[in-house]
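# Summary of the model geometry
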Amino acid sequence: QSNERGSFRIDLKWILRKLMSDDHVTQQDVNEILMERARRAGTIPLHPLQQVAERQLRCRINPQQELNLEWFCNWLAEKSQQPYFKLDPLSIDVPAITNVMSYKFAQSNEILAVAVSATEITIGSSQPFHRDWEQDLAQVIRDKTIRRVLLNPVDLHRYTIEFYNLARSVQGARGQQKDTAGSSVTNFEQLLNLGDLKSADANDHHIVNIVDWLFKYAFNQRSSDIHLEPRRDLGNVRFRIDGVLHDVYELPSAVMAAVVSRIKILGRLNVAEKRRPQDGRLKTKTPDGSEIELRLSTLPTAFGEKLVMRIFDPEVLVRSYQELGLSREDFLKWQGMVKKPNGIVLVTGPTGSGKTTTLYSTLKLLASRDVNVCTIEDPIEMLEPSFNQMQVQAHLELDFSDGLKALLRQDPDIIMLGEIRDAQTAEMAVQAALTGHLVISTLHTNDAPSAVTRLADLGIAPYLIAATLNGVMAQRLVRTLCPHCKAEDKLPDAVWSMLTAPWKAKKPDVVYRPHGCLECRDTGYWGRMGVYEILEMTQEMKEVIVHDPSLDRLRRIAYQQGMRSLRLSGAAKVANGLTTAEEVLRVTPSVVMPGKTVENKNISSPE
């Protein structure tokens, strides 16, 4: 180790000496850390920052501050006058950064390229004063300059291995697929000849590595969907996180085809059939050992099979009403609807609005030992032992209405219909409700009152709707603000009016806006939450349905009886600091209601 003006690697003694001089630790802290190092002699050495962080010390001059690894990284960045780079794997161009240097060079020097531009290469390191490698690298990159940043040593170790392993697997798979007919291009004219499995060995170990990485990466990033999209030369891998799609990686088209084949094998799909859409499912485990189900859907496109995998976490089955985003008032209304012995309860909203999560969470609460819960789904979203689940199979002429006929002979108490799509299914649902069963299903409508007119459009008589419908809940999902970085903000009057019109509601003094941090990948949002509109079936509402079931009339009566619109429900979450006005306006429809402005005093009620 040379003097500090030259190139040197920091060690534990250097760290402790600097911390002591800055008055962050005591002599007793130093002695205990050195004794711990002596006890660990002969084990795999940790970075000195990790060795100190493991002690979970408190700062001597600021006892409120815990000296964790993140704090030490910021401290060392300041000492070395290098920016602290928070590595977000979603923003890394893996092929570009792994081409800068070999894995051996990166590992031996404890460095990793994290960004590449036309004029500059950003190199991250957890040894900010080690410079011996700079001259060697400068000779390779020639006309580009080197920019130094500091990396968290845990992230550096993890992602160096992950990125280079992935790049090696993709390169190896590309080499084994180079003899694919048509120069690795599967265009639309070749689709009829795609049954030849020689074009992609899905059992190749490189492909297995890529698929394993894909699943682990998706789970770590909280992805709800994985999209594999073939293109002419390079296929796109994208993750949907908190409702927004993010580009993740680009795979050569032949490698993409082999990855899709590998996943089809895991999902027991017909690998030879590439001209028809297929659906399947598979179960795997996350790195922490919890089981996860994935629903697979393939689609033939111009350049090959597109594969979408929807990730279902079994934990959604036991979510509380607070986790779903229901206020206590709304939960009590919803509970009153679904605990009736018979009738129809509808959940409405577009695809991806959380209807499945609401249905499963509700059924899980209702599925006691003394009731028979049966479901008809297309497809079965998640396998749950306490339900009797049936899947619609069009090729066997088993649709929702046929399935419901069969279920009625199975002595059910509660029936969950995946969706009411046509008049026949709607009629069967009404008959089931009239004969003493509780039917829970979904409809695709913009709001709750529209569900009544949709049933009428499907041919259900108004008096039957009034007799069987227990209630309707419309819902949307809004992204919730990251609790680690949200910042206070002021909300313009015009925006608040858009959220709450036509109601009069007091604007909150302070709202919050997204800021962005490492935890949320600089998006400012973390997770999603539902906003709800609940239509209850009062006696007055039933009379309106029978005598004047126009949408305007239904809305007016519902709002007068206390129904909060989707936007108003979202406004309450804005007032409580859970989301933003922009997010609510993005996902909720505007309120159309003829008549005077309505007073609503519960806008800021605790959720």
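Further up the page is the structure itself.
Residues numbered from 1 in each chain as written. Predicted model: local features only at pLDDT ≥ 70, side-chain atom pairs only at ≥ 80, totals over all residues. Heavy atoms only, no water.

## Brief notes about the sheet that holds strand E19 (residues 525-536)
A sheet is described by the order of its strands in space; here 7 strands give the open sequence E12-E11-E13-E14-E10-E15-E19, paired in mixed fashion. Since the sheet does not close on itself, it has two edges, and those belong to strand E12 (388-391) and E19, each with one partner. The average undirected angle you get between the axes of adjacent strands in this sheet is 20 degrees. Pairing geometry for strand E11 (residues 373-377) and E12, over 4 bridges, is parallel. Residue Ile376 lies in a different strand from E12, and its bridge partner there is Met390. The strands touched by helix H15 (residues 423-434) are strand E10 (343-348), strand E13 (414-417) and strand E14 (438-443); relative to E10, the strand with the most contacts, the crossing angle is about 135 degrees. (Pairing = 2+ DSSP bridges. Helix = DSSP H or I, 4+ residues; strand = E, 2+ residues; numbered from the N terminus. Axes fitted to C-alpha atoms, helices over the stretch in contact; angles between N-to-C directions. Contact = heavy atoms within 4.5 Å.)

## What about the packing of helix H9 (residues 205-220) against helix H10 (residues 253-266)?
The contact between H9 and H10 brings their axes to 9 Å, and the two run at 75 degrees. Looking at the two axes, H9 sits roughly perpendicular to H10. Of the residues in H10, those touching H9 at Ile207, Val208, Ile210, Val211, Leu214 and Phe215 are Val255, Ala258, Val259, Arg262, Ile263 and Leu266. Split into classes, the residues belonging to the contact of H9 with H10 amount to 11 nonpolar, no polar and 1 charged. (Parallel < 35°, antiparallel > 145°, perpendicular 65-115°, else oblique. Nonpolar A, V, L, I, M, F, W, Y, C, P; charged D, E, K, R; others polar.)

## Notes on the pattern of salt bridges
The tally for this structure, following the rule as stated, stands at 24 salt bridges. Among the ionic pairs, Glu70 bridges to Lys86, the shortest N-O distance being 3.8 Å. Of the two residues, Glu70 is situated in helix H4 (residues 69-80) and Lys86 in the loop between H4 and helix H5 (94-98); the sequence distance between them amounts to 16 residues. Among the ionic pairs, Lys283 bridges to Glu293, the shortest N-O distance being 3.9 Å. You can see Lys283 sitting in strand E7 (residues 278-285) and its partner Glu293 sitting in strand E8 (residues 291-301), a full 10 residues away along the chain. The network of salt bridges with shared partners includes Glu229, Arg231 and Arg238. (Salt bridge = Lys/Arg side-chain N within 4 Å of Asp/Glu carboxyl O.)

## Overview of the pairing of strand E15 (residues 469-481)
Counting buried positions along E15 yields 13 of 13 residues, so the element is predominantly enclosed. As paired elements, E15 and E19 share 10 bridges and run antiparallel to each other. When the sheet's bridge partners are listed, Leu481 is paired in E19 with Tyr525. (Buried < 20%, exposed > 50% of the residue type's maximum accessible area, 1.4 Å probe, protein only.)

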